[in-house]
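Geometric and topological summary
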Amino acid sequence: MPPDVVARFADSPNRLVATTVVRRERLSPGFVRVGLTGPGVGLLADLGRDLRVKILLPGPDGYPASLSDGSSEAAWRAAWRGLPAQKRPVMRSYTAPRIVPEQRTLDLDFFLHDPAGPASRWAARARAGDPLLVSAPAAARAPASYGVQWAPGLATRVLVGADETAFPAVAGILASLGRDVRATVLLECGDPADVVPFVGAGPGASPGVEVRVLQRGGRPGGVVLLAAVREWAERYGAGAAAAGAGFYAWCATESARVAEVRRCLLGAGLAGTQVHTQGYWIDRSGAARHPEG
Ligand SMILES: Cc1cc2nc3c(=O)[nH]c(=O)nc-3n(C[C@H](O)[C@H](O)[C@H](O)COP(=O)(O)OP(=O)(O)OC[C@H]3O[C@@H](n4cnc5c(N)ncnc54)[C@H](O)[C@@H]3O)c2cc1C
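Residues numbered from 1 in each chain as written. Predicted model: local features only at pLDDT ≥ 70, side-chain atom pairs only at ≥ 80, totals over all residues. Heavy atoms only, no water.

Focus on the nonpolar core
By size, the foremost hydrophobic cluster in this structure holds 55 residues, and its most contacted members are Leu108 and Trp250. Excluding residues within four positions of it along the chain, Leu108 makes contact with Val32, Arg33, Val34, Leu36, Val53, Ile55, Tyr94, Thr95, Ala96 and Leu132. Counting 20 residues, the second-largest nonpolar core is a separate cluster that includes Val224, Ala240, Ala249 and Val261. (Core = buried A, V, L, I, M, F, W, Y, C linked by side-chain atoms within 4.5 Å. Buried < 20%, exposed > 50% of the residue type's maximum accessible area, 1.4 Å probe, protein only. Contact = heavy atoms within 4.5 Å.)

Encoded structure:
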């Protein structure tokens, strides 16, 4: 493993956990929830919010023996990189806001995008008993925010922007909000029915939380969200900038679009410390080169 990778993961509290599928549930037209269990889940930290985990998908013959339950992140990444490229399990990032260590269960919510990739395809076909390796923070070693990017500090006014890939994270974030926090939540989707499982009984269900559902209408991922953030920034950006640590923004969508979201918010005067933006997926369709297309 290259030295920078060793240095990056040497202190990671993440451990590799062997799980099996216990159920697959259709949450909405575009979402499947996969329930997983395994003895190692009992050792994980229940950190909530937008907790990021890695999943390693099984190949046709399952997993190489070198990827073993309980390995540290440095060890499993070394083993993974040591495999010939065609034998390496496909690795993807997902969100796990609902880990229940006492019950040894965790849920992952997969958006079934089109064209489907390996993770989306795996989720659509998952059956009870199927194996899945998950790397997540171990309770004994993890600081309270390891793998969590949502960091509002003392902000009482927040902006949250997301497409479907980040709806599970948004649900975890909304569940963590204090009663004194006012939130504007911009959710881009292909089908409004996909919002419902993640914002409680429906948009605006929680006091202080205003949810705006933005329909993509066939445009490339993130374009509609970016337009809504621009509009928001024109109206409220200066006030949010003046609020300093009292305001915080978190946005996740397609990588190229989210870079523009960040530029837009910083351009409105917000400080870098007030803004977290993250690419959750990469548009490889070519459509991203024609953002207004
Ligand atoms: C920190 C983090 C947390 C995440 N949490 C979740 C989560 O909880 N649930 C979830 O569903 N996703 C989540 N994602 C996004 C997920 O990792 C990506 O969508 C990933 O690309 C899916 O892998 P795949 O194998 O299905 O498709 P890939 O093999 O990566 O991609 C195949 C094709 O599909 C396209 N594609 C990928 N994603 C999308 C999409 N959303 N819409 C349209 N086209 C797409 C690609 O451009 C490519 O052409 C998260 C990402 C990050 C970084």
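Having seen it, we continue.
With respect to the environment of Leu112
Turning to its location among the elements, Leu112 is positioned in the loop between strand 6 (105–111) and helix 3 (118–125). Expressed as a C-alpha distance, the spacing of Leu112 and Val32, which sit 80 residues apart in the sequence, is 7.3 Å. Each residue touching Leu112, except ones within four places of it in the same chain, is listed here: Arg26, Gly30, Val32, Ser120, Ala123 and Ala124. (Helix = DSSP H or I, 4+ residues; strand = E, 2+ residues; numbered from the N terminus.)

Thoughts on the site of the ligand
Around the ligand sit 23 residues, and of these Arg92, Ser93, Asp109, Phe111 and Ile282 come closest. One of the side-chain nitrogen or oxygen atoms of Arg92 is found 2.8 Å away from an oxygen atom of the ligand. At a separation of 2.8 Å, an oxygen atom of the ligand approaches a polar backbone atom of Ser93. Protein coverage of the free-state accessible area of the ligand, which is 930 Å², stands at 87%. Of all elements in the fold, only strand 4 (91–95), strand 6, helix 3 and strand 12 (275–281) reach the threshold of two or more residues within the shell around the ligand. Tallied by class, the residues present in the shell around the ligand amount to 10 nonpolar, 8 polar and 5 charged. Taken domain by domain, the makeup of the shell around the ligand includes at least three residues from each of domain 1 (3–137) and domain 2 (157–281). (Near = heavy atom within 4 Å. Polar contact = N/O pair within 3.5 Å; in protein donor to acceptor, adjacent residues only side chain to side chain. Areas by Shrake-Rupley, 256 points an atom, 1.4 Å probe, with all protein chains shown as cover. Nonpolar A, V, L, I, M, F, W, Y, C, P; charged D, E, K, R; others polar. Domains from an automatic or database assignment.)

Comments concerning the pairing of strand 11 (residues 247–254)
Taking burial as the measure, the 8 residues of strand 11 include 8 buried ones, the bulk of the element. Here strand 8 (residues 157–162) pairs with strand 11 via 6 bridges, running parallel. Bridge pairing in strand 11 places Leu159 opposite Ala249. Pairing analysis gives 6 bridges linking strand 11 to strand 12, with the strands arranged parallel. Note on strand 12: the bridge partner recorded for Cys251 is Thr277. (Pairing = 2+ DSSP bridges.)

Quick look at the pattern of salt bridges
Scanning the entire structure with this criterion turns up 10 salt bridges. The salt bridge involving Glu164 is made with Arg216; its shortest N-O contact spans 2.9 Å. Placement of Glu164 in the loop between strand 8 and helix 4 (167–176) and of Arg216 in the loop between strand 10 (209–215) and helix 5 (223–242) is noted, with a sequence separation of 52 residues between them. Two residues, Glu260 and Arg257, come together in a salt bridge whose shortest N-O distance is 2.7 Å. Note that Glu260 and Arg257 are positioned in helix 6 (residues 255–267) at a spacing of 3 residues, about one turn of the helix. Of the two residues, Glu260 and Arg257, both sit in the buried class. (Salt bridge = Lys/Arg side-chain N within 4 Å of Asp/Glu carboxyl O.)

Observations regarding the side chain of Ser71
By secondary structure assignment, the location of Ser71 is in the loop between strand 3 (52–56) and helix 2 (73–82). For Ser71, a relative accessible area of 12% gives the class buried. Of note is the side chain of Ser71, whose polar atom sits 2.7 Å from the backbone oxygen of Ser68. When sequence neighbours within four positions are dropped, the list of residues in contact with Ser71 reads Asn14, Arg15, Leu16 and Trp76.

With respect to the packing of aromatic side chains
A full pass over the atoms with the stated rule returns 10 aromatic pairs. Relative to Tyr236, the ring of Trp232 lies with its centre 5.9 Å away and its plane at 50 degrees, an arrangement referred to as tilted. Taken as a pair, Trp232 and Tyr236 lie in helix 5 at a separation of 4 residues, close to a single helical turn. A residue is classified by how much of its surface remains accessible, and Trp232, at 5% relative accessible area, is buried. Relative accessible area serves as the criterion here: at 39%, Tyr236 is assigned to the partly exposed category. Summarising the aromatic geometry, the rings of Trp232 and Phe247 are spaced 5.5 Å apart at their centres and angled 20 degrees between planes, so their arrangement reads as stacked. Highlighted residues: Trp232 in helix 5 and Phe247 in strand 11, separated in sequence by 15 residues. Assigned by exposure class, Trp232 and Phe247 land together as buried. Grouped by ring-pair contacts, the aromatic residues Phe31, Phe111, Phe167 and Phe198 constitute a single cluster. (Phe/Tyr/Trp six-rings, centres within 6.5 Å; stacked < 30°, edge-to-face > 60°.)

A few points about the sheet that holds strand 9 (residues 182–189)
The strand order across the open sheet formed by 5 strands is 10-9-8-11-12, and the pairing between neighbours is parallel. Each edge of the open sheet is held by one strand with a lone partner, namely strand 10 and strand 12. Neighbour-to-neighbour, the strand axes of this sheet turn through a mean angle of 10 degrees, independent of strand direction. Relative to strand 10, strand 9 runs parallel, the two being bridged by 7 bridges. Looking across to strand 10, one finds that Cys189 is bridged to Gln215. The sheet contacts of helix 4 involve strand 8, strand 9, strand 10, strand 11 and strand 12, and relative to strand 9 the element is tilted by about 165 degrees. In the packing of helix 5 onto the sheet, contacts are made with strand 8, strand 9, strand 10 and strand 11, and the angle to strand 9 comes to roughly 160 degrees. (Axes fitted to C-alpha atoms, helices over the stretch in contact; angles between N-to-C directions.)

Note that all results are geometric; they support no functional claim without further evidence.
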